[in-house]
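# Structural overview
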Amino acid sequence: MSWLREAAHRVDAPRKAVRRAWRRQRLQRQDHKRLMAEFHAARKAGKEQEHPGPPPTGFSLLPWLLMGMGAFSNLFQGETPNAWIGGLGLLTFNSLYIYVVFRAFHKETREALSTRVALGLMAVVTCGLAIGYGGSWLLFFPLLGLATGAVLRLSHLRIFGTAVAVLAGVVSCTRDGWNGLNIAYATWISTMVTAAILSLAEAVRELRAAREELARRAVEKERLRFSRDLHDLLGHTLSVIVVKSEAARRLAPGDLAASLAQIADIESVGRQALTEIREAVTGYRDGSLATELDRARSALTAAGVEPSVRQSGPPLMSQAEALLGWVVREAVTNIVRHSDAAHCDIVVSAGEEQVQLTVTDDGTGPAGAAGPAGAAEATGPAGAADATGPADAADATGPADAAGNGGGTGDGTGDAAAGGTPGRSRGTGTGTAGGATAGPGAEGVGGTGLKGLTERLAAAGGSLSAGPGPRGGFVVRAQLPVAAVEPEPDAATARV
């Protein structure tokens, strides 16, 4: 009884294949309707799009079975001896043909062993029918060539396509003489043309999918570029505005003129930030190291940090200046927000092949970390500010580095206590004690901004290191080739 179940399973296999093909055809029709709707919508909007067209399926090869109508009519006209053998052979050939062509449009099923075995059985059945009956039955050879081309496509097509054509020619000439060469030629043509058309259609669809993927990646890269630049722009600018606002508030009761000067600086910084954001959106912003150094002096002075800026060497290319400008901006922002420093040195030293930027402060930095690695020093409850100030001082809220100036990341929130001079809040957070050093492609330098700068400099052939200085404080050191060119951002350089 097992052989009966196996026979029933083999007979039922073509029917299941047809059902699966109908389901695929229904899904493809739905996709085609959606693509056509998008196409017509684009045309109404004045945007021409390439007509996608439906993908080829096994149904596109079924009409060729009409070539066997001559053999089918011979069965009913009594021109075929042993008609029941011919009918069984015709049914077997048609079933194998349907099974093969519907599996030929999916790479996994096309390359499966069962498909190749079914194709071999088709060749055996075709040869048997052609030798036994001849005449119209020889037209099954072009159908065999069509199925061969659909399955093999361009892989080993020259060898197997020629073999099928030679086989058709030998059998046809043996049965019907030299007229069998026409069958051989038709078999070879059907094999090659089918393989070429289906391979071309598949290549066109792969190219269209690749083009859509490239367009999607281009949009994603531009989005990442904008998010990275926006982080670097607003992080520094908002820090400067906060520091100058605090200075204006402290100076207002006793020195109104100095307070107004700070407010004027806030207005200037805000206008410049708007300009830079507009330029970042359009993609035409070029950083200037000299401009960033001037802004660093202003921000450090307003924060009560004494700046010292030294620059030596030949002029730099615009790309190198832009990258170093980002480093100055991020390092100064961290000093203003987290370091509690009194002095800051910025040194730019350019040589013939390489330029080095060093930003050093004498603040607490990572040396102020206590307890377990990465825990920030804080007094009172977790997150309370370690600061003293007048009773009406505003709440100090903002990100606080666990290891000081760029040594880690965290969030700290605290209220200023009464009695004394206002100070900066140092909240609790997590980070890496002792700072970090990174070369090209390294991870873990400082907070979010320093990580992004590390990756950006590494992509341009440079390096960035950040960590505690030998005499305390914090040191940010950037090295960059003089001819560095900033590459397009990608997923690895845009973690902002």
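Look up: the structure comes first, before these words.
Conventions adopted
Residues numbered from 1 in each chain as written. Predicted model: local features only at pLDDT ≥ 70, side-chain atom pairs only at ≥ 80, totals over all residues. Heavy atoms only, no water. Helix = DSSP H or I, 4+ residues; strand = E, 2+ residues; numbered from the N terminus. Buried < 20%, exposed > 50% of the residue type's maximum accessible area, 1.4 Å probe, protein only. Contact = heavy atoms within 4.5 Å. Areas by Shrake-Rupley, 256 points an atom, 1.4 Å probe, with all protein chains shown as cover. Core = buried A, V, L, I, M, F, W, Y, C linked by side-chain atoms within 4.5 Å. Phe/Tyr/Trp six-rings, centres within 6.5 Å; stacked < 30°, edge-to-face > 60°. Lys NZ or Arg CZ within 6 Å of the ring centre and 35° of its normal. Salt bridge = Lys/Arg side-chain N within 4 Å of Asp/Glu carboxyl O. Patch = residues over 30% accessible without salt bridge, like charges linked within 9 Å, V, L, I, M, F, W, Y side chains within 5 Å. Pairing = 2+ DSSP bridges.

### Examining the overall build of the protein chain
- For the protein chain, the count of helices and strands is 12 helices and 12 strands.
- When the 496 residues of the protein chain are sorted by exposure, 40% land in the buried category.
- Of the contacts formed within the protein chain by residues at least 6 apart in sequence, a portion of 70% connects residues at least 24 apart.
- Within the structure as shown, the protein chain displays about 26,000 Å² of accessible surface, and the carbon and sulfur contribution to it stands at 59%.

### Observations regarding the nonpolar core
- In terms of nonpolar packing, the biggest core is built from 41 residues, with Ile346 and Leu357 touching the most fellow members.
- When contributions to this core are tallied by element, the ones reaching two or more residues are α8 (180–251), α10 (289–302), α11 (318–339), β2 (343–350), β3 (354–361), α12 (448–459), β11 (463–468) and β12 (474–481).
- It is α11 that provides the largest number of residues to this core, a total of 10 residues.
- If you look at the next biggest cluster of nonpolar residues, it comprises 39 residues, including Phe93, Tyr99, Trp137 and Leu146.

### Some words on the packing of aromatic side chains
- Under the defined criterion, the tally for this structure stands at five aromatic pairs.
- A cation sits over an aromatic face here: Arg153 above Phe105, 5.7 Å from the ring centre.

### Notes on unusual backbone geometry
- In this structure, Asn82 is a non-glycine residue whose phi angle is positive, near 55°.
- Counting through the fold element by element, Asn82 comes out in the loop between α2 (69–76) and α3 (83–103).
- By relative accessible area, Asn82 is classed as partly exposed at 49%.
- Positioned with a positive phi, Asp340 is a non-glycine residue whose angle comes to about 60°.

### Regarding the environment of Asp265
- Of note, Asp265 is situated in helix α9 (residues 256–282).
- For the pair Asp265 and Ile241, spaced 24 residues apart in the sequence, the C-alpha separation amounts to 8.5 Å.

### Some thoughts on the pattern of salt bridges
- This model, assessed by the stated rule, comprises 10 salt bridges.
- Linked by salt bridges that have partners in common, Glu213, Arg216, Arg217 and Glu220 make up one network.

### With respect to a nonpolar patch on the surface
- Together, Tyr185, Trp188, Ile189, Val193 and Ile197 make up an exposed nonpolar region whose accessible area comes to about 480 Å².
- For Tyr185, a relative accessible area of 56% gives the class exposed.

### What about the pairing of β11?
- Most of β11 sits out of view: five of its six residues are buried.
- Pairing of β11 with β12 involves six bridges; the strand directions are antiparallel. Each bridged residue has a counterpart across the sheet, and for Ala466 the counterpart in β12 is Val476.
- Where β11 hands over to β12, the hairpin turn is made up of five residues, of which Gly472 adopts a positive phi near 90°.

Fair warning: the whole summary comes from geometry, so function is off the table for now.
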